[in-house]
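# Descriptive analysis of the structure
Here is how the chains run, residue by residue.
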Amino acid sequence: MKTLDKKIELILEKESIRQRNSAVFIASENYASESVRNYSNSIFTNKYAEGYPGKRYYAGCENADEVENLAISRGKKLFSSKHINVQPHSGSQANMAAYVSLLKPGDKILSLSLDHGGHLSHGHNVNFSGKIYEIHNYYLNRESELLDYDQINDIAEKVKPKLIICGYSAYSRIIDFNKFKSISQKVDSLLMADIAHIAGLVVSGKHPSPVGIADIITSTTHKTLRGPRGGLAIIREDLSSKYDRGVFPAIQGGPLMNTILAKAAAFEEALSDNFIEYSQQIIDNAKVLANLFLDRGLRLVSGGTDNHLMLIDTRSIGINGDEAENKLNEVGIVVNKNAIPFDPMPPKITSGIRIGTPAITSRQISNDDLLKIGDVIVDCLSTSSKNTSVFSKEVQKIMNKLPLP
Ligand SMILES: *Cc1c(COP(=O)(O)O)cnc(C)c1O
């Protein structure tokens, strides 16, 4: 590069400092490895490769074919599946391709309501999915704040959906894919498992896998899986060519070959024993924080966590989710406000925050430092003092010594 673009370099530098210094507890974020980042920057960004390996609509795709075939074979090994599509640009695109290929406009979808932990692309009315399909929702149980399979079964029998969706953005417990399967079989519907959040835990054997159970499995590649920003899908064999056409040509043009190269690299990383240890550490760290919060009198939705995230009911500290998010952000702790089940507050305010451990675990935080930050979170949320510099200093001291991947 001859001359640096000064404006861009300045923004990059600021973001690099922000990422190094902040304690990231956003449950959907992670730090990809240096090789994943480099590969996603690679010269494959220059290449058009519409179509699939061996069946492209452009010349010069022989190396692109090798890249995609490598990502496919590693992906199949990682998920123990017979099929995988590595082209979806994102988790939402992977879901859109599922709906477009398997449903007709107006068909019924049954999914968890967004404010109980579902995702926009599962049929929210501001999303394409809510505009094109007839959406019905199920909810968490009011007392246990857990999935209520009897309730889901009853609604499914009443609604007779064409598709049932499980897999969430803010659910801290294990999903029983077999129970969903028996419900979907009873009402003769397709079952989709969106494992965007938990894919890394699934491939490490730390959460049950929906492969071989759900008809369609969609995911992102950048959350617990720690790959480049992107999506993937694993489809029942007899539906797979339909799905592949749902991605291209139905909703996407050329695949992002640079990203697919980085997905291949990330899949290889996720196949290692190190990654299994990493996934276990994510869960251990989440438990450490959950116990600390409970010991200090905070209320957690469903009482705790079995995976990489938890929801704090911030009413137990007398503040709302928006205030909590801002207070923590000021001291370098990054979380997001999040609706809790049956939240009386609007989505821009909410009564909760979501705390996830994938990113902080990638920074290799020690148990002692994690406990210190956990205490800072509670102290900072509880104080009414405006002077929070002791908290920022404590966070800075810890984050400065932790390596960046
Ligand atoms: C994050 C997420 C997605 C969407 O991912 P994008 O890549 O942001 O489009 C889809 N489904 C669930 C359950 C998610 O948590």
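Residues numbered from 1 in each chain as written. Predicted model: local features only at pLDDT ≥ 70, side-chain atom pairs only at ≥ 80, totals over all residues. Heavy atoms only, no water.

## Considering helix α11 (residues 273-295)
Stated precisely, the cut-off is as follows: Helix and strand assignments come from DSSP, with helices taken as H or I runs of at least 4 residues and strands as E runs of at least 2, each series counted from the N terminus. For a helix, the expected span equals 1.5 Å multiplied by the residue count minus one. Note on exposure labels: buried denotes an accessible area under 20% of the residue type's maximum, exposed denotes more than 50%, and partly exposed covers the range between, all computed with a 1.4 Å probe on protein chains only.
Along its 23 residues, α11 runs 33 Å from first to last C-alpha, staying within 8% of the 33 Å computed at 1.5 Å per residue. Of all the positions in α11, only F275, Y278, S279, I282, I283, N285, A286, L289, A290, L292 and F293 are classed as buried. Positioned one or two residues after α11, G297 has a phi angle of 90°, which is positive.

## Thoughts on the layout of surface pockets
If a probe as big as a water molecule is rolled over the atoms, it shows which places are left empty. Selection criterion: Computed over the protein atoms alone on a 1 Å grid, cavities are sets of points where a 1.4 Å probe fits but cannot get out and pockets are open sets with protein on both sides within 12 Å along at least five of seven lines; a residue lines them when it has an atom within 4 Å of a point. Grid points are joined across faces, edges and corners, and a volume is the space filled by probe spheres set on the points. Asp, Glu, Lys and Arg are counted as charged, while Ala, Val, Leu, Ile, Met, Phe, Trp, Tyr, Cys and Pro are counted as nonpolar; the rest, among them Gly, fall into the polar class.
In this model, the largest pocket occupies a volume close to 830 Å³. Q19, N30, Y31, A32 and R37 are, among the 22 residues lining the largest pocket, the residues nearest its centre. Of all elements in the fold, only α1 (6-21) and α2 (34-40) reach the threshold of two or more residues within the lining of the largest pocket. Residues of the lining of the largest pocket, tallied by class, amount to 9 nonpolar, 8 polar and 5 charged. Here the second largest pocket is characterised by a volume of approximately 720 Å³. Around the second largest pocket, the lining comprises 30 residues; the ones closest to its centre are L114, D115, G118, L120 and H124. For the lining of the second largest pocket, the secondary structure elements donating two or more residues are β4 (108-112), β5 (134-138) and β13 (336-337). Its residues assigned to classes, the lining of the second largest pocket shows 9 nonpolar, 16 polar and 5 charged.

## Some words on empty space enclosed by the protein
Heads up, the rule is: Marked domain ranges trace back to an automatic or database domain assignment.
Applying the stated criterion across every chain, the model contains 2 cavities of 30 Å³ or more. Considered as a void within the structure, the largest cavity measures approximately 80 Å³ in volume. Lining the largest cavity we find 13 residues, and of these Y168, Y171, I175, I198 and N307 sit closest to its centre. Its residues placed into classes, the lining of the largest cavity shows 6 nonpolar, 5 polar and 2 charged. Lining the second largest cavity are H116, L140, E145, A170, Y171, S172, V301, S302, L311 and P341. When its residues are assigned to classes, the lining of the second largest cavity shows 6 nonpolar, 3 polar and 1 charged. Two domains share the lining of the second largest cavity, each providing at least three of its residues, namely domain 1 (35-270) and domain 2 (273-399).

## Side note on the site of the ligand
The condition that has to hold: Near residues are defined by distance, with any heavy atom within 4 Å of the molecule or strand qualifying the residue. Whenever a nitrogen or oxygen atom comes within 3.5 Å of another N or O atom, the pair is scored as a polar contact, on the condition that within protein one atom can donate a hydrogen and the other can accept it, and that pairs from neighbouring residues in sequence are kept only if both atoms are in side chains.
Lining the immediate environment of the ligand, one finds 13 residues, of which G91, S92, S169, D194 and K223 sit closest. Between S92 and the ligand, the recorded distance is 2.8 Å, taken from a side-chain N or O atom to an oxygen atom. A per-element tally of the shell around the ligand places helix α4 (residues 91-102) first, with 3 residues.

## Structural notes on the nonpolar core
Put simply, the test is: By convention a nonpolar core is built from buried Ala, Val, Leu, Ile, Met, Phe, Trp, Tyr and Cys residues, the set being connected through side-chain atoms within 4.5 Å.
Counting residues in hydrophobic clusters, the biggest one holds 54 residues, and the most contacted among them are Y138, L147 and F180. Two domains each donate at least three residues to this core, and these are domain 1 (35-270) and domain 2 (273-399). Among the nonpolar cores identified, the runner-up in size contains 34 residues, and L298, I365, V378 and M399 belong to it.

## Description of the packing of aromatic side chains
Note the threshold: Working definition: rings of Phe, Tyr and Trp (its six-membered ring) pair if their centres are within 6.5 Å, and the pair is stacked with planes under 30 degrees apart, edge-to-face with planes over 60 apart, and tilted otherwise. Criterion for a charge above a ring: Lys NZ or Arg CZ within 6 Å of the ring centre, and within 35 degrees of the ring normal.
Applying the stated criterion to the full structure yields 8 aromatic pairs. Between Y168 and Y171 the ring centres are 5.6 Å apart and the planes differ by 70°, which places this aromatic pair in the edge-to-face class. Accessibility assignment for this pair places Y168 and Y171 in one class, buried. The structure contains a cluster of three or more aromatic residues connected by ring pairs, namely Y99, F128 and Y133. The cationic tip of R142 hangs over the ring face of F342; the distance from NZ or CZ to the ring centre is 4.0 Å. Between the NZ or CZ atom of R226 and the centre of the ring of Y278, over which it lies, the distance is 4.0 Å.

## Observations concerning the sheet that holds strand β6 (residues 163-166)
Strands belonging to one sheet form pairs held by backbone hydrogen bonds; the direction of such a pair is parallel or antiparallel. Filter applied, for reference: For two strands to count as paired, DSSP must find a minimum of two bridges between them. All axes here are fitted lines through C-alpha atoms, helices being fitted over the stretch that makes contact, and every angle between N-to-C directions spans 0 to 180 degrees.
If you trace the 6 strands from one edge of the open sheet to the other, you get β5-β4-β6-β7-β8-β9, paired in mixed fashion. Among the strands making up the open sheet, the edge pair consists of β5 and β9 (231-235). Sheet twist, expressed as the mean angle between neighbouring strand axes with direction ignored, is 20°. Summarising the sheet, strand β7 (residues 190-194) and strand β8 (residues 216-220) pair through 3 bridges and their orientation is parallel. Within the sheet, the bridge partner assigned to M192 lies in β8 and is I216.

## Some thoughts on the pattern of salt bridges
Here is the rule we go by: For salt bridges, the criterion is a side-chain nitrogen of Lys or Arg within 4 Å of an Asp or Glu carboxyl oxygen.
In the structure shown here, the tally under the stated rule is 19 salt bridges. Note that R18 and E15 form a salt bridge whose closest N and O atoms lie 2.8 Å from each other. Of this pair, R18 and E15 both sit in helix α1, separated by 3 residues, roughly a single helical turn. Taking relative accessible area as the criterion, R18 reaches 36% and is therefore assigned partly exposed. R299 serves as the salt-bridge partner of E145, at 3.0 Å between the closest nitrogen and oxygen. Of this pair, E145 sits in the loop between β5 and α6 (149-159) while R299 sits in strand β10 (residues 299-300); the two residues are 154 residues apart in sequence, bridging distant segments of the chain. Taken together, the shared-partner salt bridges in this structure form one network comprising E145, R299, D313 and R315.

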